[in-house]
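# Results of the structural survey
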Amino acid sequence: MLLDQTLLPQQVVYSRLEDERQVAEAIKALKVRGAPAIGMAAAFGLVLAFRRLLAERGDEVSLAEVLARLEEAGVLLAATRPTAVNLSWAIRRLLGCARQLAGAGCRPGDLGRRLLEEAQAIAAEDRAACLRMGRYGEALIADGDQLLTHCNTGILATAGWGTALAPMYLAHRAGKRIHVFVDETRPVLQGARLTAWELQQEGVPFTLITDNMAGYFMRRGRIAAVFVGADRIAANGDVANKIGTYSLAVLAQAHGIPFYVVAPCSTIDLDLPSGEEIPIEQRDPREVTAIRGISIAPDGISVANPAFDVTPHTYISAIITERGVARAPYSVALRGLCADDHHPIEKQAER
Ligand SMILES: CSC[C@@H](O)[C@@H](O)C(=O)COP(=O)(O)O
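Residues numbered from 1 in each chain as written. Predicted model: local features only at pLDDT ≥ 70, side-chain atom pairs only at ≥ 80, totals over all residues.

### Describing the site of the ligand
Note the following rule: Here, nearness means that the C-beta atom of a residue, built from backbone geometry, sits within 6 Å of the molecule or strand in question. Polar here means any residue other than Ala, Val, Leu, Ile, Met, Phe, Trp, Tyr, Cys and Pro, which are nonpolar, and Asp, Glu, Lys and Arg, which are charged; Gly is therefore polar. Where each domain starts and ends comes from a domain assignment, either automatic or drawn from a database.
The immediate surroundings of the ligand are formed by 18 residues, with Arg33, Ala35, Ala157, Gly229 and Lys242 found nearest. Its residues placed into classes, the shell around the ligand shows 7 nonpolar, 8 polar and 3 charged. Structurally, the shell around the ligand is a two-domain feature, drawing no fewer than three residues from each of domain 1 (2-131) and domain 2 (132-341).

See the structure below:
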């Protein structure tokens, strides 16, 4: 069951997804979005791919057929959104699990059960990671702070309190009087539609602003820190996140405001040396020229729609993970935090 994020906040509709093709469509259409959430959706998508095969082939199904179907589903799901590395990370983790079980001669039915447990484990780990990131981040927030955030990095984007929103939720619950400035986040308005909806329900005081107002509030000394999430973090600490994050980081540095990135280790891609190598998803121009189907620009014009940008590590004050807070030099700090079990299943297999 998936809460359809394209309809929020006007409608709260849960859709039932029957197979991996529907999951892939839902990820592409942003019905589920946010790096950890799409990783989890893909993991459950693989479980559905297994079930579809079982429904087609019944007890006749062989382990080779199971692996072939899962590989095929993995390719389909991984192609939906190229920037957030959590997607390919979760797919690799489930495929690694399936290969290991098949190698040990596991029966197809048992393999299916184990895949479901692995997908549930990813969700449980993400939930726990959110809490830990929240605690590390909350320590950086003082009573009375006014904070700024971009996109949606909360309950809707994860299995728990979120990434960049988790420190704010915990600070609020701890009785700190915080106020959050929420960027609306064009083009598809994750801030206005989703973050505002979440914060309102939790009773966290906030003000919605358009993206181009951030500099105005920073210059007036109204912002104590910026907290954002990440879709992929390269080994040197460069961060890909929702388009507009880079502009915020430059503005924050110009005003001497700390700029924090909050992300689980599953978002760190130690295989990429720098942000230059991070693939940036280019989305449909109609997301820019229309809002909810209502055209706001002339027809037939040239439009660009990169969904993410890369913030060089030199603009980042700290990267907050579930394993602790990394500060420059990030190439050393991130490796220290995450190298050990970056690909847990593959490492287990190696051992
Ligand atoms: C916990 S979410 C971190 C990022 O995934 C988030 O900031 C973001 O950029 C989401 O982009 P989206 O295009 O909505 O999937």
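### Brief notes about the domain arrangement of the protein chain
You'll often see interface size given as the accessible area lost when the parts meet. Here is the rule: Any two residues are considered in contact once their C-beta atoms, placed from the backbone, lie within 7 Å. Helix and strand definitions here come from DSSP, where helices need a minimum of 4 consecutive H or I residues and strands a minimum of 2 consecutive E residues; each element is numbered from the N-terminal end.
Domain annotation for the protein chain reports domain 1 (2-131) and domain 2 (132-341). If you average the C-alpha positions of domain 1 and of domain 2, the two centres end up 26 Å apart. Taken together, the contact pairs 25 residues of domain 1 with 35 residues of domain 2. Breaking the side of domain 1 that touches domain 2 down by element, the ones donating at least two residues are helix 2 (35-57), helix 4 (85-103) and helix 5 (108-138). Considering every element that reaches the side of domain 1 that touches domain 2, the biggest residue donor is helix 5, with 7 residues. Within the side of domain 1 that touches domain 2, the residues separate by chemical class into 16 nonpolar, 5 polar and 4 charged.

### Details of the pairing of strand 5 (residues 206-209)
We apply this condition: The criterion for strand pairing is that DSSP finds at least two bridges linking the strands in question. Orienting the strands away from the viewer, one traces the path from the first strand over the helix to the second; a clockwise path indicates a right-handed crossover.
Pairing analysis gives 4 bridges linking strand 4 (residues 179-183) to strand 5, with the strands arranged parallel. In the sheet register, Phe181 faces strand 5, and the bridge partner there is Thr207. Once you follow strand 4 into helix 7 (residues 190-202) and on to strand 5, the crossover reads as right-handed.

### Describing the sheet that holds strand 7 (residues 232-234)
What counts, and what does not: A fitted line through C-alpha atoms serves as each axis, taken over the contacting stretch for helices, and the angle formed by two N-to-C directions is quoted from 0 to 180°.
As summarised here, the arrangement of the 4 strands in space is 10-7-8-13, forming an open sheet in which the pairing is mixed. Two strands in the sheet have a free side with no partner beyond their single neighbour: strand 10 (268-269) and strand 13 (308-311). Both strand 7 and strand 8 (residues 239-242) contribute to a ladder of 2 bridges, which runs antiparallel. Within strand 8, the position partnered with Arg232 by the bridge is Ala240. Across the face of the sheet, helix 9 (residues 245-254) comes into contact with strand 8 and strand 13 while running at roughly 30° to strand 13.

### Some thoughts on the environment of Ser62
Here Ser62 shows up in the loop between helix 2 and helix 3 (63-78). Spatially, the C-alpha atom of Ser62 lies 7.1 Å from that of Pro108, the residues being 46 residues apart in sequence.

### As for the UniProt feature "active site" (unreviewed entry) in the protein chain
Applicable threshold: UniProt positions are given in the numbering used here, feature names are shortened, and annotations may be inferred rather than shown by experiment.
Residues annotated by UniProt as "active site" (unreviewed entry) correspond here to Asp231. Note on placement: Asp231 falls in the loop between strand 6 (225-228) and strand 7. Every residue in contact with Asp231, bar those within four places of it in the chain, is listed here: Ala35, Thr83, Ala84, Ala240, Asn241, Thr267 and Phe308.

### Quick word on the nonpolar core
For clarity, the threshold we go by: In this description, a nonpolar core means buried residues of the types Ala, Val, Leu, Ile, Met, Phe, Trp, Tyr and Cys, linked to one another by C-beta atoms lying within 7 Å. Here exposure depends only on C-beta density: within 10 Å of a residue's C-beta, 20 or more other C-beta atoms make it buried, 12 or fewer make it exposed, and intermediate numbers make it partly exposed, the C-beta atoms being placed from the backbone.
Judged by nonpolar contacts, the single largest core of 104 residues is most densely connected at Ala41, Ala42, Leu46, Leu147, Val226 and Tyr260. The element contributing the most residues to this core is helix 2, with 13 residues. Residue assignment places this core across two domains, with domain 1 (2-131) and domain 2 (132-341) each supplying three or more. Ignoring sequence-local partners within four residues, the contact set of Leu147 consists of Ile141, Met168, Ile178, Val180, Phe181, Ile223, Ala224, Ala225 and Phe227.

### Notes on the packing of helix 1 (residues 20-28) against helix 3
What counts is decided by this rule: Just so you know how the angles are binned, under 35 degrees is roughly parallel, over 145 roughly antiparallel, 65 to 115 roughly perpendicular, and the rest oblique. In this scheme, a crossing is called left-handed if the near helix is turned counterclockwise away from the far one by less than a right angle; it is called right-handed if the turn is clockwise.
In contact at an axis separation of 9 Å, helix 1 and helix 3 are set at 15° when each is read in the N-to-C sense. With respect to helix 3, the element helix 1 is oriented roughly parallel. Helix-helix and strand crossings are classified by hand; for helix 1 and helix 3 the assignment is right-handed. Within the contact between the two elements, helix 1 uses Glu20, Val23 and Ala24 and helix 3 uses Ala73, Leu76 and Leu77. A per-class count over the contact of helix 1 with helix 3 returns 5 nonpolar, no polar and 1 charged.

### Quick look at helix 4
Here is the rule: In a helix, the anticipated span is given by 1.5 Å times the number of residues less one.
Compared with an ideal rise of 1.5 Å per residue, which puts 19 residues at 27 Å, helix 4 spans 27 Å between its outermost C-alpha atoms and is within 8% of the ideal. Among all positions of helix 4, only Val85, Asn86, Leu87, Trp89, Ala90, Ile91, Arg93, Leu94, Cys97, Ala98 and Leu101 are buried. With its phi angle positive at about 75°, Gly105 sits one or two positions after the end of helix 4.

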